[in-house]
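This is what each chain is made of:
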Amino acid sequence: MSRETTVAYVDKILSAYLETDSLVKDDDGDVPVRRGSALYYVRVGNREPYRVEVVSSVLSGVEESYELLRELNEINAGIYGIQAYFRKGRVIFSADMLADSLQPEELERACALISGAADRYDDELQAKFGGKKTFEENA
């Protein structure tokens, strides 16, 4: 499957999941989606085999610490299907899937897991480790 075909397929799934006829895309072609105080993106990779990634920068401006990494490890142990990690001052939650075998339910589940976990943990992590949420107030 070509990248263009993959993007069209992912767009079709997302349009149905988000109940919209027109998806908003950023300059990179990623689809931003807001849920509460969290923002996540759905993107298709640029290299074969193509991967579809759902990713949320839960907090920015966070200092790396043993306690933070331990907390992220606990989150990873408790939620199947996503990864919580620290990178360049950010706490990130992500899930990725192979595009060739992607089923609508798989992408929908990844979106629900990432958005739910990001919206759930952002306040808790911010209270413990500081940093800034994408949106300070829920929508």
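Remember, it's a predicted structure, so these values are computed and weren't measured experimentally.

**Student:** Lay out the nonpolar core in plain terms, naming residues and giving numbers.
**Tutor:** Of all hydrophobic cores here, the largest spans 38 residues; its most connected members are Val 42, Phe 93 and Leu 107. Those elements giving two or more residues to this core turn out to be helix H1 (3–18), strand E1 (31–35), strand E2 (38–44), strand E3 (51–60), helix H2 (66–78), strand E4 (83–87), strand E5 (90–98) and helix H3 (104–129). Considering each element in turn, this core owes the most residues, nine residues, to H3. With near-sequence residues (within four places) excluded, Val 42 lies in contact with Val 10, Leu 14, Asp 30, Val 31, Val 52, Glu 53, Val 54, Leu 107 and Cys 111.

**Student:** Could you give an account of the UniProt feature "domain: TY-Chap central" (unreviewed entry) in the protein chain, naming the residues involved and the relevant values?
**Tutor:** With numbering aligned to this structure, UniProt lists the feature "domain: TY-Chap central" (unreviewed entry) at residues 7–136. With 39% helix and 28% strand, residues 7–136 has its two end C-alpha atoms placed 31 Å apart.

**Student:** Give me the lowdown on the packing of H1 against H3, citing residues and values where you can.
**Tutor:** Running from N to C, H1 and H3 point in directions that differ by 60°, and their axes come no closer than 10 Å. As far as their axial angle goes, H3 and H1 are oblique. Helix-helix and strand crossings are classified by hand; for H1 and H3 the assignment is right-handed. Along its contact with H1, which presents Tyr 9, Val 10, Ile 13, Leu 14 and Tyr 17, the element H3 presents Pro 104, Leu 107, Glu 108, Cys 111 and Ala 112. Of the residues in the contact of H1 with H3, the class split is nine nonpolar, no polar and one charged.

**Student:** I'd like a rundown of H2, residues and numbers included.
**Tutor:** If you check H2, its first and last C-alpha atoms are 19 Å apart, about what 13 residues at 1.5 Å a residue would give, namely 18 Å. Taken residue by residue, H2 has Leu 68, Glu 71, Leu 72 and Ile 75 as its buried positions. Take H2 and look down its axis: the buried residues cluster within an arc of 100°, on one side only. When the buried face of H2 is taken as reference, the exposed residues oriented beyond 90 degrees from it are Tyr 66, Arg 70 and Ala 77. Along its buried surface, H2 packs onto E4, E5 and H3.

**Student:** Which residues make up the packing of aromatic side chains, and what values go with them?
**Tutor:** In this description, an aromatic ring pair is defined by two values, namely the gap between the centres and the angle between the planes. The tally for this structure, following the rule as stated, stands at one aromatic pair. Judged by centre distance (6.2 Å) and plane angle (75°), the rings of Phe 93 and Tyr 121 are edge-to-face. Taken as a pair, Phe 93 in strand E5 and Tyr 121 in helix H3 lie far apart in primary sequence, 28 residues in all. For Tyr 121, a relative accessible area of 9% gives the class buried.

**Student:** Could you give an account of the side chain of Ser 94, with specific residues and numbers?
**Tutor:** On the secondary structure map, Ser 94 appears in strand E5. Ser 94 gets classed as buried once you look at its relative accessible area, which sits at 3%. Residues in contact with Ser 94, not counting those within four places in the same chain, are Glu 53, Val 54, Val 55, Gly 81, Ile 82, Gln 83, Tyr 85 and Ile 114.

Cut-offs applied
All chains use their own residue numbering, which begins from 1 and follows the written sequence. Confidence filtering applies because this is a predicted model: local features only for residues at pLDDT of at least 70, side-chain atom pairs given and counted only at 80 or more, and all residues used for totals across whole chains, interfaces and linings. Hydrogens and waters are ignored; side-chain quantities use all the structure's heavy atoms. The definition of a nonpolar core used throughout is a set of buried Ala, Val, Leu, Ile, Met, Phe, Trp, Tyr and Cys residues joined through side-chain atoms within 4.5 Å. Here's how the labels work: a residue is buried when its accessible area is under 20% of the maximum for its type, exposed when over 50%, partly exposed in between, all with a 1.4 Å probe on protein chains only. Counting from the N terminus, the helices are the DSSP runs of H or I reaching at least four residues and the strands are the DSSP runs of E reaching at least two. Here, residues are in contact when the closest pair of their heavy atoms is within 4.5 Å. UniProt positions are given in the numbering used here, feature names are shortened, and annotations may be inferred rather than shown by experiment. Axis lines are fitted through C-alpha atoms, for helices just across the contact stretch, and the angle between N-to-C directions can take any value from 0 to 180 degrees. Each angle receives one of four descriptions, namely roughly parallel if under 35 degrees, roughly antiparallel if over 145, roughly perpendicular if within 65 to 115, and oblique otherwise. Each crossing gets its handedness from the near helix: less than a right angle anticlockwise from the far helix is left-handed, clockwise is right-handed. Following the grouping adopted for this structure description, the nonpolar residues are Ala, Val, Leu, Ile, Met, Phe, Trp, Tyr, Cys and Pro, the charged ones are Asp, Glu, Lys and Arg, and the polar ones are all others, Gly among them. Helix span is expected to be 1.5 Å times the residue number reduced by one. It is the directions from the helix axis to the C-beta atoms that the arc portrays. Working definition: a ring pair exists when centres of Phe, Tyr or Trp rings (six-membered ring for Trp) sit within 6.5 Å. Plane angles under 30 degrees give stacked, over 60 give edge-to-face, the rest tilted.

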